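The residues making up each chain are set out below.
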Amino acid sequence: MSYFQYKNSKLFAEKYSISNIVKNIKTPFYLYSEKQLIENFLNFKKNFKNVNPLICYSVKSNSNPSILRILGKLGSGADVVSEGELLKTLNSGIKSNKIVFSGVGKTEEELKLAIKKRILLINIESESEAKLINTLSKRMGKKTSIGIRLNPNVDAKTNEKISTGKAENKFGLSSKNLINFCNNIHNLKYLKLDAISVHIGSQILSDKPYKKTLDIISNIIKENKLTLKFVDLGGGFGISYKNKDKKIKLTNYSKLVNKFKKNLNCNIIFEPGRSIVGNTSMLISKIQYIKKSLKKQFIILDVGMNDFMRPALYDAEHNIIPVKKINKKIKGPIEFVGPICESTCKFIKYNRYQKISENDFVAITKTGAYGSSLSSNYNTRPLIAEIMVSKNKLTIIRKRQDLSKLIKI
Ligand SMILES: *Cc1c(COP(=O)(O)O)cnc(C)c1O
């Protein structure tokens, strides 16, 4: 269920009327529901109950420390992609034996930290990276657990900007190179090959590419008689942003993964990001100005592409809904845009909408994943606040950045 609902025409986050919240907190801000976050994690876990996987939440989808702490308490591990994410995750209380490290360009400093902290897996994405980890591990007198990321050459049938498992994408090793690497790994004495990992893309709405990927991994493991502690099946599970988006059905996939696991006698890791945090937040904004042009009406918000980048970066469409519903309609087209000096600083267009006015408040929906974590100081704008409805209170989980820090020379 969604914890963002209208009651008597007013939009609520759990028990809190957003019309009231904006009286005390300056827009724009991200508004989260803790209940939604907890429910999403527990639902994911329930879906894969038979498989009993280690769930390594993908920190880059939302790295707010409060979110990491809540997920950590629920038993989540983490998938990190930088030194900063690794340190933040450890600080939030998630233990190193539940952390995996992904990414094609990990630096020597990042690898040293991961080796020193003895994380569960460093998922390598090139032969050169493996050699460097071997050299560093030898120098540090440790044996390091690694996974190899496979590029299965599977089309995830998602936006090409968030597809990662095709041969033309930079991620992982091809099947052939992976097998070659496995056959020679005995030369790298300070590495322990514990896993094959895979992550074929994001916002995936069909289980077919996942099934294909399972078959490919299964064949590689059997044909090469590999014994592995883990198979890390990555993330990418889509959510419905638009009404016509089908939700991905995980029950069937869960059964297949269970069979796969028993067959190969290994443990399973998942790295979900979006499906855990995507619908946990709305981005609350004020209408600054309304301007009529020859072709449409521009609804100019106080939130910009620097605060929420997905529409500009991926052509993502997020519905924008009024904080107060009224029964009067206006004819479009209207386009919601932000203040940044870029034509891509725009959010969504409608042909019909309810009557809205300057100084009204609206909510950009489902902004929890790749929202705040992708934001920047472009146009010298401070990072905006993040607020969470949490156990009967509103908690500031990130303060609006102090402008004085940004303007110091
Ligand atoms: C980004 C990423 C994820 C999370 O993807 P979602 O679509 O948010 O679930 C998981 N694994 C890796 C390696 C990633 O880069």
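Quick look at the structure, then.

The rules behind these values
- Residues numbered from 1 in each chain as written.
- Predicted model: local features only at pLDDT ≥ 70, side-chain atom pairs only at ≥ 80, totals over all residues.
- Heavy atoms only, no water.
- Helix = DSSP H or I, 4+ residues; strand = E, 2+ residues; numbered from the N terminus.
- Expected span 1.5 Å × (residues − 1).
- Buried < 20%, exposed > 50% of the residue type's maximum accessible area, 1.4 Å probe, protein only.
- Arc of directions from axis to C-beta.
- Contact = heavy atoms within 4.5 Å.
- Polar contact = N/O pair within 3.5 Å; in protein donor to acceptor, adjacent residues only side chain to side chain.
- Core = buried A, V, L, I, M, F, W, Y, C linked by side-chain atoms within 4.5 Å.
- Domains from an automatic or database assignment.
- Pairing = 2+ DSSP bridges.
- Axes fitted to C-alpha atoms, helices over the stretch in contact; angles between N-to-C directions.
- Near = heavy atom within 4 Å.
- Areas by Shrake-Rupley, 256 points an atom, 1.4 Å probe, with all protein chains shown as cover.
- Nonpolar A, V, L, I, M, F, W, Y, C, P; charged D, E, K, R; others polar.
- Parallel < 35°, antiparallel > 145°, perpendicular 65-115°, else oblique.

Below, the discussion takes up helix α9 (residues 250-264). Compared with an ideal rise of 1.5 Å per residue, which puts 15 residues at 21 Å, α9 spans 21 Å between its outermost C-alpha atoms and is within 8% of the ideal. Inspection of α9 places L250, Y253, S254, V257, N258, F260, K261 and L264 among the buried residues, and these make up the whole buried set. Taken end-on, α9 shows its buried residues confined to a sector of 165 degrees, consistent with a single buried face. Within α9, the exposed residues directed more than 90 degrees away from the buried face are T251, K255, K259 and K262. Residues of α9 that are buried sit in contact with α2 (34-47), α8 (208-223), β11 (230-232) and β12 (267-270). In the stretch just after α9, N265 is the one whose phi turns positive, near 55 degrees.

The subject of this paragraph is the environment of E14. When you line up the elements, E14 lands in the loop between β2 (10-13) and β3 (16-17). From its side chain, E14 meets the backbone nitrogen of E34 in a polar contact 3.4 Å long. In terms of polar contacts, E14 uses its side chain to reach the backbone amide nitrogen of K35, at 3.2 Å.

Here the focus is the nonpolar core. When a protein is soluble and globular, its nonpolar side chains tend to lie buried together. Core analysis: the largest hydrophobic core is formed by 90 residues, its most contacted members being L233, Y253, I320 and F336. Each of two domains, domain 1 (4-32 + 278-406) and domain 2 (34-277), supplies a minimum of three residues to this core. Residues in contact with Y253, not counting those within four places in the same chain, are F48, D207, Y210, L214, L233, F237 and F270. Grouped together as the second largest cluster of nonpolar side chains are 16 residues, F4, L11, I18 and I21 included.

What follows deals with the sheet that holds strand β10 (residues 191-197). Pairing is parallel in the closed barrel, where eight strands are placed in the order β5-β6-β7-β8-β9-β10-β11-β12. Averaged over all pairs of adjacent strands, the angle between strand axes in this sheet comes to 30 degrees, irrespective of strand direction. The pairing of strand β5 (residues 54-58) with strand β6 (residues 77-80) spans three bridges and is classified as parallel. Paired with Y57 across the two strands is A78, which belongs to β6. In the packing of helix α6 (residues 127-140) onto the sheet, contacts are made with β8 (121-124), β9 (144-149) and β10, and the angle to β8 comes to roughly 145 degrees.

Reading across from one edge, β1-β2-β3 is the order of the three strands in this open sheet, with antiparallel pairing throughout. Two strands lie at the open edges of the sheet, namely β1 (4-7) and β3, each paired on one side alone. Judged from the four bridges that link them, β1 and β2 form a sheet pairing that is antiparallel. Bridge pairing in β2 places F4 opposite A13.

It is worth spelling out the site of the ligand at this point. The full set close to the ligand counts 14 residues, and K60, S202, G236, E271 and Y370 are the nearest of them. Separating a nitrogen atom of the ligand from a side-chain N or O atom of D79 is a distance of 3.2 Å. At 3.4 Å, a side-chain N or O of H199 approaches a nitrogen atom of the ligand. Taking 390 Å² as the accessible area of the ligand by itself, protein coverage stands at 94%. Its residues assigned to classes, the shell around the ligand comprises two nonpolar, seven polar and five charged.

Attention now moves to the packing of α8 against α9. Interaxial distance between α8 and α9 falls to 11 Å at its minimum, and their mutual angle equals 5 degrees. One finds that α8 runs roughly parallel with respect to α9. Contact residues: Y210, K211, L214, I217, S218, I221 and K222 in α8; N252, Y253, L256, V257, F260, N263 and L264 in α9.

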